[in-house]
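# Summary of the model geometry
If you want the building blocks of each chain, they are given just below.
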Amino acid sequence: MEVILYEPQIPQNTGNIIRTCSVTNTSLTLVKPLGFSLNAKNLRRAGLDYHHGVEIQTIDDLELYLKGCSRNFYFLSSHAKKSYTDVEYTESDVLIFGSETSGLDPKFLDMYEDRFITIPMAQNSRCLNLSNSVSIVIYESLRQQRFLPIS
């Protein structure tokens, strides 16, 4: 599985996501621009020593990346109607999460509305923490696959 973070801004969130990716055997792709340096102390502190075991790449253009993607991909958004639990995940799926401050570029909703899913929350709630959201969806995917990819 692969997690993509679209223009992440908070190094501690990305560090925590690196840690989650490490323990779930998930690769991580970061879409530039980033709101921090990958060498930042906060990123290393939050990710501890887990970043060595995670395949991390950076890309400049998510739209171009997805055009070349032959795998299923899903965008997580509070604007989606379909629940993340309504998806039948596979070990090769790609999960795309928006920036903590600005979410996803609206053009992706226009292009891929059928691939947008959400984590249900109480009405009038803004959003969950990014690293918590990543964990929720990764573990739902692994649960559906009976945790075979990480066993």
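Scope of this entry: the structure provided in the associated data block. (Residues numbered from 1 in each chain as written. Predicted model: local features only at pLDDT ≥ 70, side-chain atom pairs only at ≥ 80, totals over all residues. Heavy atoms only, no water.)

The next point concerns the side chain of E7. Relative to the elements of secondary structure, E7 occurs in the loop between β1 (2-6) and α1 (11-24). There is no salt bridge for the buried E7, and the closest opposite charge comes from K107, which lies 8.2 Å off by N-O distance. At 3.4 Å, the side chain of E7 forms a polar contact with the side chain of Y6. Aside from chain neighbours lying at most four places away, what touches E7 is V31, K32, P33 and S99. (Helix = DSSP H or I, 4+ residues; strand = E, 2+ residues; numbered from the N terminus. Buried < 20%, exposed > 50% of the residue type's maximum accessible area, 1.4 Å probe, protein only. Lys, Arg positive; Asp, Glu negative; His and termini not counted. Salt bridge = Lys/Arg side-chain N within 4 Å of Asp/Glu carboxyl O. Polar contact = N/O pair within 3.5 Å; in protein donor to acceptor, adjacent residues only side chain to side chain. Contact = heavy atoms within 4.5 Å.)

Another point: the environment of R143. Looking at the secondary structure, you find R143 in helix α5 (residues 130-144). According to the relative accessible area criterion, R143 is partly exposed, its value standing at 47%. The sequence separation of R143 and M1 amounts to 142 residues, and the corresponding C-alpha distance is 13 Å.

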